[in-house]
Amino acid sequence: METETKELVSWMRGHDSSVSSISVHGSGRYAITTSPDTAQLWDLDTFQRKRKLNVRQSVDIQKVFFLPLSNTILSCFKDNSVFAWEFDTLHCKYQLPTPVEGSALLYKVFAVTRDGRIFVAGGKSNHLHLWCLESKQLLRIIQMPTKVRAVRHLEFLPDSFDGGSNQVLGVLSQDNIMRFINIETCKLLFDIGSHEEGISTATISPSGRYIASVMENGSLNLYSVQALTQEVNKPPPPLFKVVEDWSKWKLGANKHTMRVTSGRSERPWKSRGSKIQTRLLKPQVNGSLENKENELPGGLNKKRLQALLKGFGEYPAKYRMFVWRSLLQLPENHLAFSSLIDKGTHSAFVHIQNEYPIKSRKLLRVLQRTLSALAHWSAIFGETPYIPLLAFPFVKLFQNNQLICFEVVATVVVNFCQRWFEYFPNPPVNVLSMVENILAHHDKELLQHLIKYNVTSQVYAWPLLETLFSEVLTREEWLKVFDNVFSNHPSYFLMIVVAYAVCSRAPLLHCIQTEDFEYFFHHRNNLDINVVIKEAYRLMESTPVDIHPQRMLDDFIPLTKGQYPVFNKYPKFIVDYQTQERERIRQDEIAYLRERQLAHELEAKAQEWKTEDEAWYRKQELLQEAEEQRRKMLLEEEEKLAEQRQRLAAMKRELKAKELQLLESARQRFLKYQQDQRQMEIKRLDEEIARKASIREQETAATAQDVEIRQMELESQRQLFEQVAEENLAKAEQKCVDTDWRMQALNKLRCDDQDREEHYKEIAKLLHDNRVKEAELLRALREAEEKKWEEVTRKKAQLEAEQKAAAAADEHRKQFLEDEMNDALQLAEKLQKEDGYFERLHDLKAGRTERGLEFQQVPKSRNVCLNDVSVSQSSSHDRRREELACKEQELMAEVRQLRQKLTSRARARHFPTRFPATKWTP
């Protein structure tokens, strides 16, 4: 649409459903239109479609838009999947991962910072997902206050000094309050709107200095961001205060009272000063808190009238006309209306009695004058065939006041018939589409039934609209309906149409013939109009914003005072053509009447002059014959002209058919091209998948070889550790057996000499202490072995160091045992020198060098060498041996467990868990 000439430049067709969003590229050359089933890329220079995004039927599209300062297109679907596409090649760049379980929500609204780095999504929850588009990661999840149950709109607040990385986000929730938060600190900065004056929609200026919001009551509020943030950024109150005089405080009491009249804010964190500043931005009348737009002429208030209407269902009949005049704000332009009446009867309504035979001559005259005034006001009303049907109910109601009648009809046409004449002379397809979208949302079954029997909105909606329900309602019902229509937004009139169909769904579902549907919407039916009115209010509240007529229709605008406004919202060239054709026909008719009148005059004169001049009479007859010939020639020319017009129309039809054939062939060729492109893309994807599969197999084989080598290394290390452990255990067992042998030898000596039994007891005690120490050494050895196994997993070099430390510890233990044994033998030698046993002990000492051999032989001859040892001592040694065997088994079990742990850790390190590869597809 050209903004200056207001003419239609191009009509871009391609969407089967309503368009939900339009995104324009930063260059201004390309645009993306989004509907639930597809998204299309347009070239705004040629108004041609470049590409089309097709999706699965089970997943609808939420929104597709350009990212700022980049050539990336972001597409968001209803299954929470978000894809990024390269604008030049339209290949998929990446896909955002699925949110963490427990934090998923249904995405409905989206916002992106000006630098295109941060992406925010919200929906039917009080959570917001904050994504980083550079790292493709979910940065954080912001939880809004508990009062927020759903998010309706998101928009970043621009800042001239942040370089495009916006930090303040505006969140409009279901309670009609828009809250502004800092996405870094997650703090609530300020909010606008309240429960009494809720916000319907809001937008922020490009500079970020102002916020414009459309309120639920229809008013437009403009907020200053600087004033809203002043309360947040102000310094703390001073600590130094001065005591004021009571009289001065009393004098200023009125001013102080006015500043706090707003009362305590519903949000405790917000100060009173901020609340007063917000109210000062709203228009006031005489200091009252009511909106100026609610004040009507005659001292009435729109809100009070709506409350009265809600309570009683209709206005009092005695004051209805006065209330209507106040609601419609009629200007009563007497001079302007007189100038329209002075122009006389319009040519289009001269013979209106032939088309509408009304018995009352007065009512017919008022209807003719009203329609003529409308036609003189705007040429479209002289060419509209249904304007008499639309105006007749008001003419019949206001027939005693033609000025009020004309202004009521003009106000209804301007406000409640918005966008009706854009497709003239056809019915308003755009308005009927709004009605069909609402019906599809609230009663899909009824719409499917109508579609099944080829019943379009021109059958079930247009008859109600063009007659303003005058055919299907009684007078009282009609008045009650328009009490509610005039008291609400113009979109309520369309809701009445949908409510009438929804409340009549039971009889409509039983109709299967087209004639039955047409009869139903052209005649009165058994329907409670109060139910229809309540259903219309429910539809007004529950209809989504994207299909609500209120978004596409302007608010109520009264007629201007002094002169009536210009009404040119229609295709002017069509109306002008019809007007010219009607004027041409009228001129032809006038010429024909004039010629007929002239012929009668000539005939009269001929009769008068017949007796006087016969020759002159013959001359007149000749003239009449010539005139008849001219008429015949004129008729022949008109017939030829009609034949030429028919041939021209046939040629136009042929050209149109050829054009449609060319368009169809072009469309088929384009579809084939798209299929070929899609097949090529699938082939490339298959090749890429095969290449990645081969790479994965190679990596798997290499990893398996590495694992086998590592297993061999671990096996060799295990064998080495087992050998070391066996050597240590063997050495410990040798120590134990050697100690037992020494004790048996001492017991042997004690049996030979009963006198020195006390000395042998001391030696036995020393040997017992040696066993205790040896047990401690065995525990130390086990701890050293455990430490060695732990150090093997970390570093091989540490293992060698621990082996050296273990060897040094073994040498130390051997030296310690030898020193103890030497001390015991020296003590025995000292005690036995006097008794003649020195040589025997000397031989025993000399035999210490052959301990290894004795360590193997002593257990075999143990019963033979210790015949004289007591049975109690033998049993105690057996129990000791069994305890050592049990401890050895426990040590080996712990070694096996440690070996299993090391093996499992090595496998976990060399065989990590692999997850199946994923691939993002558009």
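Residues numbered from 1 in each chain as written. Predicted model: local features only at pLDDT ≥ 70, side-chain atom pairs only at ≥ 80, totals over all residues. Heavy atoms only, no water.

Moving on, we come to the overall build of the chain. Looking only at helices and strands, the chain has 30 helices and 19 strands in total. Pairs at least 24 apart in sequence give 59% of the contacts found in the chain among residues at least 6 apart. Just so you have it, the chain exposes about 56600 Å², and 53% of that area is on carbon and sulfur atoms. (Helix = DSSP H or I, 4+ residues; strand = E, 2+ residues; numbered from the N terminus. Contact = heavy atoms within 4.5 Å. Areas by Shrake-Rupley, 256 points an atom, 1.4 Å probe, with all protein chains shown as cover.)

On average, the chain scores 78 in pLDDT, and the residues at 70 or more come to 79%. In the model, residues 244-290 has pLDDT below 50 throughout and makes 41 contacts with residues more than four positions away in sequence or in other chains. (pLDDT = per-residue confidence, 0-100.)

Strands in a sheet are paired, the pairing made by backbone hydrogen bonds, and the direction either parallel or antiparallel. An order of E9-E10-E11-E12 is seen for the four strands of this open sheet, with the pairing classed as antiparallel. Of all the strands in the sheet, the pair left with one neighbour each is strand E9 (107-112) and strand E12 (137-143). On average, adjacent strands in this sheet sit at an angle of 25° to one another, irrespective of strand direction. The pairing of strand E10 (residues 118-123) with strand E11 (residues 127-132) spans four bridges and is classified as antiparallel. By the bridge assignment, Val120 is partnered in E11 with Leu130. (Pairing = 2+ DSSP bridges. Axes fitted to C-alpha atoms, helices over the stretch in contact; angles between N-to-C directions.)

Membership of the largest hydrophobic core comes to 103 residues, with the highest contact counts inside it found for Trp324, Phe394, Trp420, Phe469, Trp478, Phe482 and Phe486. The residues touching Phe486, leaving out its near neighbours within four places in the chain, are Trp324, Leu327, Leu328, Phe394, Val412 and Phe416. (Core = buried A, V, L, I, M, F, W, Y, C linked by side-chain atoms within 4.5 Å. Buried < 20%, exposed > 50% of the residue type's maximum accessible area, 1.4 Å probe, protein only.)

Before going further, it helps to spend a moment on the pairing of strand E7 (residues 82-86). Of all five residues in E7, four are buried; the element is thus mostly enclosed. Following strand E6 (residues 72-77), the chain reverses through four residues before pairing antiparallel with E7; Asn80 in that reversal takes a positive phi of roughly 70°. Bridge count for E7 against strand E8 (residues 92-95) is three bridges, and the pairing is antiparallel. When the bridges of E8 are listed, Phe83 appears paired with Gln95. What sits between E7 and E8 in their antiparallel hairpin is a turn of five residues, with Leu90 showing a positive phi close to 55°.

Time to look at unusual backbone geometry. Even without being glycine, Arg419 reaches a positive phi, approximately 65°. Looking at where Arg419 falls in the secondary structure, it is placed in the loop between helix H12 (402-416) and helix H13 (429-442).

A word on the pairing of strand E4 (residues 48-54). With six bridges joining them, strand E3 (residues 38-43) and E4 adopt antiparallel strand pairing. Among the inter-strand pairings, Leu41 is bridged to a residue of E4, identified as Arg51.

Within this structure, the stated rule accounts for 35 aromatic pairs. With centroids separated by 5.2 Å and ring planes inclined at 75°, the aromatic side chains of Phe520 and Phe521 adopt a geometry described as edge-to-face. As far as burial versus exposure is concerned, Phe520 and Phe521 are alike and both buried. Stacked on the ring of Phe65, the Lys or Arg Lys63 has its end atom at 5.3 Å from the ring centre. Geometry around Tyr94 places Lys136 over its ring, the cationic atom sitting 4.5 Å from the centre. (Phe/Tyr/Trp six-rings, centres within 6.5 Å; stacked < 30°, edge-to-face > 60°. Lys NZ or Arg CZ within 6 Å of the ring centre and 35° of its normal.)

We now examine the sheet that holds E6. Read across the sheet, four strands follow the order E5-E6-E7-E8 without closing on themselves; strand pairing throughout is antiparallel. What marks the edges here is a single partner per strand, and that holds for strand E5 (61-66) and E8. Put simply, the sheet's adjacent strands are angled 20° from each other on average, direction ignored. Where E6 meets E7, five bridges bridge the pair, whose relative direction is antiparallel.

With that settled, the discussion passes to a negative patch on the surface. A cluster of like negative charges, contributed by Glu608, Glu612, Asp613, Glu614, Glu621 and Glu625, occupies part of the molecular surface. Exposure remark for Glu612: the relative accessible area of 63% places this residue in the exposed category. (Patch = residues over 30% accessible without salt bridge, like charges linked within 9 Å, V, L, I, M, F, W, Y side chains within 5 Å. Salt bridge = Lys/Arg side-chain N within 4 Å of Asp/Glu carboxyl O. Lys, Arg positive; Asp, Glu negative; His and termini not counted. Charge placed at Lys NZ, Arg CZ, Asp CG, Glu CD.)

Here we take up a positive patch on the surface. On the surface, Arg361, Lys362, Arg365 and Arg369 cluster together to form a positively charged patch. Mapped onto the fold, Arg365 is located in helix H9 (residues 361-377). Arg365 gets classed as partly exposed once you look at its relative accessible area, which sits at 40%.

Over its 13 residues, helix H18 (residues 491-503) runs 18 Å from end to end, which matches the ideal 18 Å to within 8%, given 1.5 Å per residue. Of all 13 residues in H18, twelve are buried, a share of seventy percent or more. When we look at burial in H18, the residues that qualify are Ser491, Tyr492, Phe493, Leu494, Met495, Ile496, Val497, Val498, Ala499, Tyr500, Ala501 and Val502. (Expected span 1.5 Å × (residues − 1).)

Two numbers describe how helix H6 (residues 320-328) lies on helix H17 (residues 475-486): the axes approach to 10 Å, and their chain directions differ by 30°. The angle between H6 and H17 places the two elements in the roughly parallel class. Crossing handedness for the pair H6 and H17: left-handed. Where H6 approaches H17, its residues Arg320, Trp324, Leu327 and Leu328 are matched on the opposing element by Trp478, Leu479, Phe482, Asp483 and Phe486. Across the contact of H6 with H17, the residue classes break down as seven nonpolar, no polar and two charged. (Parallel < 35°, antiparallel > 145°, perpendicular 65-115°, else oblique. Left-handed = near helix turned anticlockwise from the far one by under 90°. Nonpolar A, V, L, I, M, F, W, Y, C, P; charged D, E, K, R; others polar.)

Further remarks concern the side chain of Asn333. Mapped onto the elements of the fold, Asn333 is located in the loop between H6 and helix H7 (334-342). Accessibility expressed as a relative area gives 6% for Asn333, which makes it buried. One polar contact links the side chain of Asn333 to the main-chain carbonyl oxygen of Thr560, over a distance of 2.9 Å. In this view, Asn333 contacts Leu403, Glu407, Thr560, Lys561, Gly562, Gln563 and Tyr564; residues no more than four positions away in its chain are not counted. (Polar contact = N/O pair within 3.5 Å; in protein donor to acceptor, adjacent residues only side chain to side chain.)

What follows covers the pattern of salt bridges. The tally for this structure, following the rule as stated, stands at 21 salt bridges. Glu627 is the salt-bridge partner of Arg631, the closest N and O atoms lying 3.1 Å from each other. Taken as a pair, Arg631 and Glu627 lie in helix H24 (residues 614-752) at a separation of four residues, close to a single helical turn. Assessed through its relative accessible area of 27%, Arg631 is described here as partly exposed. Judged by its relative accessible area of 25%, Glu627 is partly exposed. It is possible to trace a salt-bridge network through shared partners that takes in Glu314, Arg320 and Asp483.

There is a patch of nonpolar side chains on the surface, built from Val9, Met12 and Phe47 and spanning about 220 Å² of accessible area. A relative accessible area of 47% places Val9 in the partly exposed class.

Attention shifts here to helix H5 (residues 302-312). Two or three places before Lys303, at the start of H5, stands the capping residue Asn301, its side-chain oxygen 3.0 Å from that residue's backbone nitrogen. Downstream of H5 by a residue or two, Gly313 has a phi angle that is positive, lying close to 85°.

Attention now moves to the environment of Gln563. As for its placement among the helices and strands, Gln563 is situated in the loop between helix H22 (549-552) and helix H23 (572-608). Taking the relative accessible area as the measure of exposure, Gln563 reaches 56% and is therefore exposed. Not counting the four nearest positions on each side in its chain, Gln563 is found in contact with Asn333 and Ala336.

Between H18 and helix H21 (residues 529-542), the shortest axis-to-axis distance is 8 Å and the interhelical angle comes to 120°. On the basis of their axis angle, the class for H18 and H21 is oblique. Relative to H21, H18 is oriented so that their crossing is right-handed. Each of Ser491, Tyr492, Met495, Ile496, Val498, Ala499, Tyr500, Val502 and Cys503 in H18 lies in contact with H21, whose residues at this interface are Val531, Val532, Ile533, Glu535, Ala536, Tyr537, Leu539 and Met540. Of the residues assigned to the contact of H18 with H21, the class counts are 15 nonpolar, one polar and one charged.

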